[in-house]
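This is what each chain is made of:
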There are 2 protein chains.
Amino acid sequence: MARERRGGGRRGKSTRQGGGIEQLPWQQVKNSYPKFELLNPDQMDQLHDTSMRILSEAGIRVMGDNVMDLFEEAGAIVDRDTQTIRMDESIVTEALKTVPSEFTLRARNAAKRITLGGDNMTFGLVAGPPNVHDRINGRRQGNYTDYCNFIKLAHHFNAINLIGNQVMAPMEMPANNRHLDTYRANLTYSDLSFHCTAIGRGRAMDGINMMAITRGQSVDEMRDDPGVITIISVNSPRLFDDAMGDGLIAMAEHGQPVTVTPFTLMGAMTPVTLPAALAQQNAEALFGVVLTQLVNPGAPVMYGSFTSNVDMRSGAPAFGTPENAKANIVGGQLARRYGIPYRTSNTNASNAVDLQAAYETMMSTWGAVLGGANIVYHAAGWLEGGLTASYEKFIMDVEIIQNMIEFLKPMKFDTDELGLDAIKSVPTGGHFFGAEHTMARYETAFYKPMLSDWQNYENWEAAGAKDALERATELWQQALRDYEAPPMDPAIVEELDAYVARRKEEIGSDEP
Amino acid sequence: MARERRGGGRRGKSTRQGGGIEQLPWQQVKNSYPKFELLNPDQMDQLHDTSMRILSEAGIRVMGDNVMDLFEEAGAIVDRDTQTIRMDESIVTEALKTVPSEFTLRARNAAKRITLGGDNMTFGLVAGPPNVHDRINGRRQGNYTDYCNFIKLAHHFNAINLIGNQVMAPMEMPANNRHLDTYRANLTYSDLSFHCTAIGRGRAMDGINMMAITRGQSVDEMRDDPGVITIISVNSPRLFDDAMGDGLIAMAEHGQPVTVTPFTLMGAMTPVTLPAALAQQNAEALFGVVLTQLVNPGAPVMYGSFTSNVDMRSGAPAFGTPENAKANIVGGQLARRYGIPYRTSNTNASNAVDLQAAYETMMSTWGAVLGGANIVYHAAGWLEGGLTASYEKFIMDVEIIQNMIEFLKPMKFDTDELGLDAIKSVPTGGHFFGAEHTMARYETAFYKPMLSDWQNYENWEAAGAKDALERATELWQQALRDYEAPPMDPAIVEELDAYVARRKEEIGSDEP
């Protein structure tokens, strides 16, 4: 179609305003569009019923007596020999009564308080990879320098609402106490809330204590105004180990939120069928949700979904697949059914920041948006199925998050916006560039991208023919140059450092 | 989160089965999920009312007496001096009564008949660029050899349901008769239906005649079983030139479908606001739809949406933007309101097959899916805002289409799929790889991608560390090697060639 073309010659060079990278303001976006109902009510009932039968007939195995005690007290059937807990639906129903449908989370900057639940949508930094990659220095083991860089980037880019659990593992540090250093980096290089590590009670308590120090509060004062959150992964199928149980209990006791996320890769940790995977995910997630309420009725908790498939030729995990997009959507239907805030992820399985990384990311991110996710975990920087944190991927993902934020903004809709007079004022075949209606709005009318380049081919070529990957490298480098640390009272820094030093002393080389 | 990682060592080398590229079968997918209602009913009414006022108060300028005669006869107010047609809503309402809510389209292969309308979704080849690009030979002018290659690729890859209007301009051929050569290539290198060029009556009639020859039918016999379709672009704002009017009339007279697509880039051809752009798009599209029914009540017609924005810094078109995604969705709401089959597009403004091309493509494609598009035009191969047809982009887009087809497949949902027994049969912390439930289904359980590579990093590196762009190059090269032309009766080839020769004689160097 001849007319469906870019006009020639009209575009100048794209310039960034001021010194810094132009970006959207810090915000928490609302996803107020109708939610996507992929399964019908009857199918949702069947999913629910199957989950309840998994809980009552198959049960969940746990590894801690503390967890067994709590469930026994609540009326569940606890088999101490096999460490298996079976329970009726009534126990789930009772626990769901006290689950808050939304709660807030904040670090030291109260202006960046986020609400989890309802229509609120937030985006978290990649968490967990052992490796890190950028286009200049290549792929390498996670380390503390890169760790800090990612926290700085998360602070610099407004699209990031919260920090996940260790953006990467700083491998050169002792495994048993490096969480203290990463917490300190989170708290000083950014003013965002973060996910603490809840493998065991010690790491959870350190996160809570250090956030309390940073906010100048006691742990008690933080009880009704949470500052940290954590992910409790279920060892699917149907296994909660004791470190997870202990971490969950510590968080819930102190009023800090927990996200219960079964690790349900279809074909490996669940049957190969989506309904079965979702039923199993639902049973496992609800088990953890119930546990939080047995520990502390009213404790904030999130419903986590991480269902994707494996490559049945190799057994390797696959992400950003059509099945993963469906699961992200149905996960949201389930969480809404129970009135629990919903966490899902932005994932992909590509080994490079390439076309595959981009389209897989978009499959899972659209699934998260349509599913009404309250947290999109790993929203920026995740590569290689979670084995690498990538600088360039981070930049692309920030652009994608910004696109989604703009997409989610409801259309302004009134007589002026309908613009009948403006339409009548321009002659047929004319243009609206100079129209009064245009001039009054053009500066803010459209989303201005950070990474996308809309120059025509000739100008783009003359400017070095840089593709989006090269431009992403320039952007993270510029962001690190432009980064400014959020100021912190030196007394608080001192207190944090003293806490870290004391805890390292206490922990020694043993696990906390 | 430590568990959210790809397992090591489990994956072998990914292999393609048989000799050819593994792909989904040829199909027409149904989009039976609930449609996304971005605007509420009151907003939809306001849009409609504004469109009606555009038609009655501002009017549409046309350049042909034939069009003015038809509207005058229908009761519109025709100002012959300014060539402006104004009409009441009643004329629109009357015309909409005879618009078919769906129709079919087929070329010589009746097995590849497609239905346009309802829940049916189809994907068309890129159309219109003056340039072509691949990673081996670089960017060059459109030419007949590359033209034929793209038709072969469209035939080879089942994801493509129909061919657009000239995948690229074969610039070395005379502008006034090259449509005959491109039609011939469409008809012989593929067995798909295609968009003929309807700039003027002659090119439209050539498309209809040549399709009739290929089907072994008369033009009259094709009247109730259309074989070609066309796009009529409106010169927004509010201008229909005479070549478009003549083309539309020729198609409608012969019962061949027309898609009326206003060229509404916000800020240039419409006001900068989305409601105004959509109201104007709607007025212009409905004007063309009405015209088809005045020519031939019951003639098949589609509602086209091409609303995106421009970069207000340069005036350059932008595609795959958040605004474009919203417009793709609301375009579908409008088309459904009037019961007209819906066409939108997969677009992007990137100058390279890069991350930007991928995520912009996904923004517009998800908009098309959520909008319930019946045709996604330019679904594979469009680059540079439509200035270049790209081989590698074609391959990525086929992968994206396949992902969407899989996403749109309703989840199989029954007791077996819910898999309670399978879940109970695997011990806690175990795996489902060898389970009977898995073994019975694993070969077809998940979508197997064509372009994505799910090997682990080590295997991927050992295999040459090819990113998706490099793999895309290999795939189109392999497809061209594997391509087999659909057989055609030599008598029909002879008749086609005779038609082309005769018409070239008739046309000479003048416009048809």
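- For chain A, the name recorded in an unreviewed UniProt entry is Methyltransferase, with Aliisedimentitalea scapharcae as its organism.

### Structural notes on the environment of D224(A)
Residue and element names in this part refer to chain A.
Stage number 1. Within the secondary structure layout, D224 lies in the loop between α6 (201–215) and β11 (228–234).
Stage number 2. Overall, the relative accessible area of 75% leaves D224 in the exposed class.
Stage number 3. Along the primary structure D224 and L248 are separated by 24 residues, whereas in three dimensions their C-alpha atoms are 17 Å apart.

### Describing the sheet that holds strand β17 (residues 317–318) of chain B
Across a sheet, strands are paired by hydrogen bonds formed along the backbone, either parallel or antiparallel in direction.
All names here are of chain B.
Stage number 1. As summarised here, the arrangement of the 3 strands in space is β14-β16-β17, forming an open sheet in which the pairing is mixed. Looking at the sheet topology across the chains shown, the edges are occupied by β14 (265–266) and β17.
Stage number 2. As paired elements, β14 and strand β16 (residues 308–310) share 2 bridges and run parallel to each other. If you follow L265 over to β16, its bridge partner there is S308.

### Quick notes on the sheet that holds strand β2 (residues 60–62) of chain A
All names here are of chain A.
Stage number 1. Read across the sheet, 4 strands follow the order β3-β4-β2-β12 without closing on themselves; strand pairing throughout is mixed. The sheet is open, and its two edges are formed by β3 (77–79) and β12 (239–240), each paired on a single side.
Stage number 2. Judged from the 2 bridges that link them, β2 and β12 form a sheet pairing that is parallel. Within the sheet, the bridge partner assigned to V62 lies in β12 and is F240.

### A short note on the relation of the copies chain B and chain A
Two copies of the chain are present, and they differ by a rotation about an axis and a shift along that axis.
Stage number 1. Rotating chain B by 180 degrees and translating it 0.0 Å along the rotation axis places it on chain A, where the RMSD comes to 0.0 Å. Both chain copies can therefore be described as sitting about a two-fold axis.
Stage number 2. When the interface residues of chain B are mapped onto chain A, 100% of them are again interface residues, pointing to one common binding face.

### Let's talk about the interface of chain B and chain A
Stage number 1. The interface is formed by 143 residues belonging to chain B together with 143 residues belonging to chain A.
Stage number 2. Across the pair R313(B) and E22(A) runs a salt bridge, and its minimum N-O distance is 3.5 Å.
Stage number 3. Among the elements that take part in the side of chain B that touches chain A, helix α10 (residues 355–370) of chain B stands out by supplying 9 residues, more than any other.

### Concerning the pairing of strand β5 (residues 102–105) of chain B
Residue and element names in this part refer to chain B.
Stage number 1. Here β5 shows one buried face, formed by F103 and L105, and one open face, formed by E102 and T104.
Stage number 2. For β5 and strand β6 (residues 114–117), the ladder comprises 4 bridges, and the chain directions are antiparallel. Bridge pairing in β6 links L105 to I114.

### Re the pattern of salt bridges
Stage number 1. Taken as a whole and assessed by the stated rule, the structure comprises 62 salt bridges over all chains.
Stage number 2. With a shortest N-O distance of 3.1 Å, K97(A) and E94(A) are connected by a salt bridge.
Stage number 3. Two residues, D225(B) and R113(B), come together in a salt bridge whose shortest N-O distance is 2.8 Å. With D225(B) in the loop between α6 (201–215) and β11 (228–234) and R113(B) in the loop between β5 and β6, this pair connects stretches of sequence that are 112 residues apart.
Stage number 4. Using a relative accessible area of 15% as the deciding quantity, one classes D225(B) as buried.

### Focus on the packing of aromatic side chains
Stage number 1. The full count for this structure, using the stated rule, is 35 aromatic pairs over all chains.
Stage number 2. Their ring planes at 90 degrees and their centres at 6.2 Å tell us that F150(B) and F394(B) sit as a pair that is edge-to-face. Here F150(B), found in helix α4 (residues 144–156), pairs with F394(B), found in helix α11 (residues 391–408); they are 244 residues apart in sequence, far enough to count as distant.
Stage number 3. We classify F150(B) as buried; its relative accessible area is 0%.
Stage number 4. The class for F394(B) is buried, based on a relative accessible area of 0%.
Stage number 5. Here the aromatic cluster, defined as three or more aromatic residues joined through ring pairs, consists of Y33(A), F36(A), W366(A), F407(A), Y33(B), F36(B), W366(B) and F407(B).
Stage number 6. Above the plane of the ring of Y457(B) lies R139(A), whose end atom (NZ or CZ) is 3.6 Å from the centre.

The rules behind the values
- Residues numbered from 1 in each chain as written.
- Chains lettered and ligands numbered in written order.
- Predicted model: local features only at pLDDT ≥ 70, side-chain atom pairs only at ≥ 80, totals over all residues.
- Heavy atoms only, no water.
- Helix = DSSP H or I, 4+ residues; strand = E, 2+ residues; numbered from the N terminus.
- Buried < 20%, exposed > 50% of the residue type's maximum accessible area, 1.4 Å probe, protein only.
- Pairing = 2+ DSSP bridges.
- Least-squares fit on C-alpha atoms with pLDDT ≥ 70 in both.
- Contact = heavy atoms within 4.5 Å.
- Salt bridge = Lys/Arg side-chain N within 4 Å of Asp/Glu carboxyl O.
- Phe/Tyr/Trp six-rings, centres within 6.5 Å; stacked < 30°, edge-to-face > 60°.
- Lys NZ or Arg CZ within 6 Å of the ring centre and 35° of its normal.

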